[in-house]
Amino acid sequence: MQIRQLEISQNFSRLPQTLLFSLRNHLEIWATVIVILAAATFMLSRGTGFSITLVTVFAIWAMLAVSLNLVLGYTGLLSVGHVGFYGIGAYTAAVLTANPRQELLEGEIIQIFAWPFFAALPVAVLLCGVVALIVGVAFSRFRDDVYVLVSFGFAIIAYNVFVNWQWVTRGPFGIHQIPKPVIFGYTINDDLEFLLLTLAFLAIIVGISWLIVTSSFGRVLKAVREDEDAIEVFGYRSSRYKLAIWVISAMMAGLAGAMLATYTSFVDPNSFILLESILLVAIVILGGLASIWGSLLGALAFVLLEEGVRFVPFLPPEHVGQVRQIILGTLLVLLMLFRPQGVAGRFKL
Amino acid sequence: MTTSERHSIESSFVLQTLDIEKHFGGVSAVDRLSISIPRGLITAIIGPNGSGKSTLINLLSGTLPLDGGMVVVGPKRLRAIRPYDSPNIGLTRTFQDVRLFEQISVLDNLYVVMTERSSLLSLFQRARKEHRERAERILHVVGLWEKRNDLAEELSYGQRKLLEVGRLMAMNTQIYLFDEPFAGLALHMIEVVKGVIRELQEYDRTIIFVSHNMGIVRELSDYLIVMDSGRLLARGQPDRVLNDPAVIEAYLGN
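Right, let's walk through the structure included here. (Residues numbered from 1 in each chain as written. Chains lettered and ligands numbered in written order. Predicted model: local features only at pLDDT ≥ 70, side-chain atom pairs only at ≥ 80, totals over all residues. Heavy atoms only, no water.)

Some details on the pairing of strand β9 (residues 206-210) of chain B
All names here are of chain B. Counting buried positions over the five residues of β9 gives five, a clear majority of the element. Here β9 shows no split at all, with Thr206, Ile208 and Val210 on one side and Ile207 and Phe209 on the other all buried. The sheet contact formed by strand β4 (residues 42-46) and β9 spans four bridges and is parallel. Its bridge partner lying in β9, alanine 44 is registered against phenylalanine 209. Sheet topology places strand β8 (residues 175-179) next to β9; five bridges connect them, and they run parallel. Of the residues in β9, the one forming a bridge with tyrosine 176 is isoleucine 207. Between the parallel elements β8 and β9, the chain passes through helix α8 (residues 187-202) in a crossover that is right-handed. (Buried < 20%, exposed > 50% of the residue type's maximum accessible area, 1.4 Å probe, protein only. Helix = DSSP H or I, 4+ residues; strand = E, 2+ residues; numbered from the N terminus. Pairing = 2+ DSSP bridges. Right-handed = clockwise from strand over helix to strand, strands pointing away.)

Examining the pattern of salt bridges
Counted under the stated rule, the structure contains 20 salt bridges over all chains. Of the charged contacts in the structure, one is a salt bridge between Asp229(A) and Arg143(A), with a shortest N-O distance of 3.2 Å. Here the residue Asp229(A) occupies a position in helix α11 (residues 228-233), and Arg143(A) occupies one in the loop between α6 (117-139) and α7 (144-164), the gap between them amounting to 86 residues. Take Asp229(A): its relative accessible area is 35%, and that puts it in the partly exposed class. Lys242(A) serves as the salt-bridge partner of Glu228(A), at 3.0 Å between the closest nitrogen and oxygen. Placement of Glu228(A) in helix α11 and of Lys242(A) in helix α12 (residues 238-264) is noted, with a sequence separation of 14 residues between them. Here Glu228(A) matches Lys242(A) in class, with each residue buried. Three or more residues are tied together by salt bridges with common partners; here these are Arg143(A), Asp227(A), Glu228(A), Asp229(A), Lys242(A) and Arg99(B). (Salt bridge = Lys/Arg side-chain N within 4 Å of Asp/Glu carboxyl O.)

With respect to the sheet that holds β9(B)
Paired through backbone hydrogen bonds, the strands of a sheet run either parallel or antiparallel to each other. All names here are of chain B. Overall, mixed pairing links the six strands, which are arranged β7-β8-β9-β4-β10-β11 in an open sheet. Looking at strand neighbours, the two that pair on one side only are β7 (91-93) and β11 (231-236), the edges of this open sheet. Mean inter-strand twist for the sheet, computed between neighbouring axes without regard to direction, equals 20 degrees. Here helix α2 (residues 53-60) sits on the sheet and contacts β4, β7, β8, β9 and β10 (223-228); the angle it forms with β8, its principal contact strand, is near 145 degrees. (Axes fitted to C-alpha atoms, helices over the stretch in contact; angles between N-to-C directions. Contact = heavy atoms within 4.5 Å.)

Observations concerning the side chain of Asn109(B)
All names here are of chain B. Here asparagine 109 is to be found in helix α4 (residues 106-114). At 3.0 Å, the side chain of asparagine 109 forms a polar contact with the backbone nitrogen of phenylalanine 101. Not counting residues up to four positions away in its chain, the partners in contact with asparagine 109 are Leu100, Phe101, Ile104, Ala152, Leu163 and Arg167. (Polar contact = N/O pair within 3.5 Å; in protein donor to acceptor, adjacent residues only side chain to side chain.)

Brief notes about the interface of chain A and chain B
Contacts between the two partners involve 28 residues from chain A, matched on the other side by 31 residues from chain B. When chain A packs against chain B, close to 2600 Å² is buried across both sides, 57% of that on carbon and sulfur atoms. Counting the surface chain A buries against chain B, the share from its top three residues, Arg219(A), Val233(A) and Phe234(A), is 30%. In this assembly, chain A and chain B are joined by three salt bridges. In this structure, the connection of chain A to chain B is made through 16 residue pairs in polar contact (both at pLDDT 80 or more). Among the elements of the structure, α9 (191-214), α10 (216-226), α11 and α12 of chain A are those that each provide at least two residues to the side of chain A that touches chain B. Residue classes in the side of chain A that touches chain B are distributed as 13 nonpolar, four polar and 11 charged. (Buried area = accessible area lost by both parts, 1.4 Å probe. Nonpolar A, V, L, I, M, F, W, Y, C, P; charged D, E, K, R; others polar.)

The structure is reproduced here in structure tokens:
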């Protein structure tokens, strides 16, 4: 009897160690459970309207994260230029669908298309593909740190085009009154319907990404990531594979951008600053490189953090943004120290 | 020499280099080298350190660009070889400093060289039964079947070298270049690599290997090329070449 009690108390005293051990070895499962529980609690306590907003924002970030992971996690190209394609997609959809006739400044001339959203969407996606193809031909020759620099350059150029190409983008004014999507004469005005549409697009992107990474093509991408020169000797042209995945990923980011434009019905250059790209890179790394599930998890955790910090008691609203970034930055440093492959990933940077 | 004689000589060589050159700064690593590799035999390349053996392998596989000269493979006369063209020419290689795809599985390291080369077609292809069967056979030969789901980076040095040999077996080419395949291997692993080389020869493939191990060179090779300072020093039957005074001098000094 005494021995049994001793055993129980010993087991109990070992509990923290056991927990820590389990946490380290099953971080993916723990993180999934914690993030989903947090999301559920948060949404239940804030009501339906808030939940729908949260999940819609999540879906848009998730599209970006999954598409960036194809380039960053699977192919090993650290691109901080993803926000450029996000912006091109958003602006193309905005310019083609908006009808800002009433609010034009005096003497301002701007081409008004007023297309339906579903006509503008393929154009936005294709335009991203074309731009990605053009810059990608040059970018595919680079690797490692040089790749970071050229993609950085791309993000800067894209931002400056958004700000300064005023007769198309209306510069810092932004474009307002972007209409909601219309399917067969039915306008998707309801938030829940819009959420379902966004989730459908997210599902398509996740599906395509899954097909890519499990195909022979995906295997070559990983080999390119591991040793670009060695895989060439076996008959693969690395630069073609890098170009192809870059274009596919850019088109997915363009889709996310178009959804953002019609969701917020307003775009301006501030949504496409370099910081957004860096946050996105952080999401992909935190969630897990070369793991689609990790990117979804990372995007959900990020959106929870974004919205959650706002409700922290005693925190003045003007500091919310900073606190968010400090938390994200700290998480990134901790993860690089203790788990370089991210929460759900396999590949270490 | 009659035309038919010339033809038979040409076809008995699977690969020839004509005055190929490679310079690094002012140093000639390979200096107007002309060699011929006999078809279907095991050719060993030996020479002191820095004699240009690895550079030669790198030039043949396109890993380094040629500075001059020409490589003749079958009907093709090549002044430039791009690395991704080397399997089309009929040639594949191992690396002296083992280069695997570290953070993918052992099995995927083999699949990746078996599947579709076109980036478009490969999008619609997955590892099929035939790929699995071939990979399984190869992994049994090199003794890595148990490790098939491990990442390549988790293998020991010897296992990594064997996996690289296995990756070569997964390629289907005419010429196989092995750069120091025996260096640093335990005895039973050396036997495995020898077995692979002999098996490739049975399938009428041409094998070229670089080695410092004279015992293995004597035992395995049908034809021997000795290099010194980027030039050809001697060539021919191993027994005869190894007794050549010039070769002995190059190896042992005066």
